[in-house]
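# Remarks on the overall topology
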Amino acid sequence: VQLQASGGGLVQAGGSLRLSCAASGRTFSSYAMGWFRQAPGKEREFVAAISWSGGTTHYADSVEGRFTISRDNAKYTVYLQMNSLKPEDTAVYYCAAGKYGSSWYDLISELVGSWGQGTLVTVSS
C-alpha cells in the first residue's frame, strides 16, 4: 500500500493540527495503521496505532490524552488529531501501514510494511 501524508504546518503551543494519510489500494482496511515522528537530532519514535477495524487504538505516553488516531476505511485514510500541542511535539511525522494481516501491536516495534513521506509539524512557544 502506498501512503501520502499531509496536514503539517506551523502552530503555536496549545494549538491543534490534524494530519491525514491517504492510502492507495482497496486492501486498506486489512492493515493496521500508525503514526511515528522524528524530532531533529533524535531517533524516530512511535506515536499512535490503530487496528484495521478502528476498534483498538494505542498511544505513546507522551501524547496520550492529547492526540487521537482514527481511520475512515471507506476513504482509505487515517488521521491524527493533535491537540494541546507543545514545542516538544515538533517533528517530522510519518504514517505507516503494518504488514498485511499483522496486528496494531506490531507497529509499536516498528514492524512496518509501508511508510509514507513525512510531514513537518512545528510548534512554536
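Everything here concerns the structure above.
Residues numbered from 1 in each chain as written. Predicted model: local features only at pLDDT ≥ 70, side-chain atom pairs only at ≥ 80, totals over all residues. Heavy atoms only, no water.

Here the focus is the overall build of the chain. Each helix and strand in the chain was counted, giving one helix and eleven strands. For the chain, the α and β elements follow one another from N to C terminus as β-β-β-β-β-β-β-β-β-α-β-β. Compactness check: the chain gives a C-alpha radius of gyration of 13 Å against a globular reference of 14 Å for 125 residues, within 12% of the reference. Over its C-alpha atoms, taken along the principal directions, the chain stretches across nearly 40 × 25 × 25 Å. Pairs at least 24 apart in sequence give 58% of the contacts found in the chain among residues at least 6 apart. In the structure as shown, the chain presents an accessible area of about 6,200 Å², 47% of it carried by carbon and sulfur atoms. Charged side chains of the chain number 10 positive and 9 negative; the gap between the two group centres comes to 8 Å. (Helix = DSSP H or I, 4+ residues; strand = E, 2+ residues; numbered from the N terminus. Rg over C-alpha atoms; globule rule 2.2 N^0.38 Å. Contact = heavy atoms within 4.5 Å. Areas by Shrake-Rupley, 256 points an atom, 1.4 Å probe, with all protein chains shown as cover. Lys, Arg positive; Asp, Glu negative; His and termini not counted. Charge placed at Lys NZ, Arg CZ, Asp CG, Glu CD.)

Right, let's talk about the pattern of salt bridges for a bit. Enumeration according to the criterion identifies four salt bridges in this entry. Close ionic contact of Arg37 with Glu45 constitutes a salt bridge, the shortest N to O distance being 2.6 Å. With a relative accessible area of 5%, Arg37 lands in the buried category. A relative accessible area of 36% means that Glu45 is categorised as partly exposed. Between Arg37 and Asp89 there is a salt bridge, with its nearest N and O atoms 2.9 Å apart. Here Asp89 lies in the loop between strand 8 (77-82) and strand 9 (91-98) and Arg37 lies in strand 4 (residues 33-38), a separation of 52 residues in the sequence. Both residues of the pair, Arg37 and Asp89, count as buried. Bridged by salt links that share partners, the residues Arg37, Glu45, Arg66 and Asp89 form one connected network. (Salt bridge = Lys/Arg side-chain N within 4 Å of Asp/Glu carboxyl O. Buried < 20%, exposed > 50% of the residue type's maximum accessible area, 1.4 Å probe, protein only.)

This part takes up the state of the cysteines. Tallied over the entire structure, the rule returns one disulfide. The partner cysteine of Cys21 in its disulfide is Cys95, sulfur to sulfur 2.1 Å. Because the sign of the S-S torsion sets the handedness, a value of about 55° for the bond joining Cys21 and Cys95 places this disulfide among the right-handed ones. Of the two residues, Cys21 is situated in strand 3 (residues 17-23) and Cys95 in strand 9; the sequence distance between them amounts to 74 residues. With respect to burial, Cys21 and Cys95 carry one shared label: buried. (Disulfide = S-S within 2.5 Å.)

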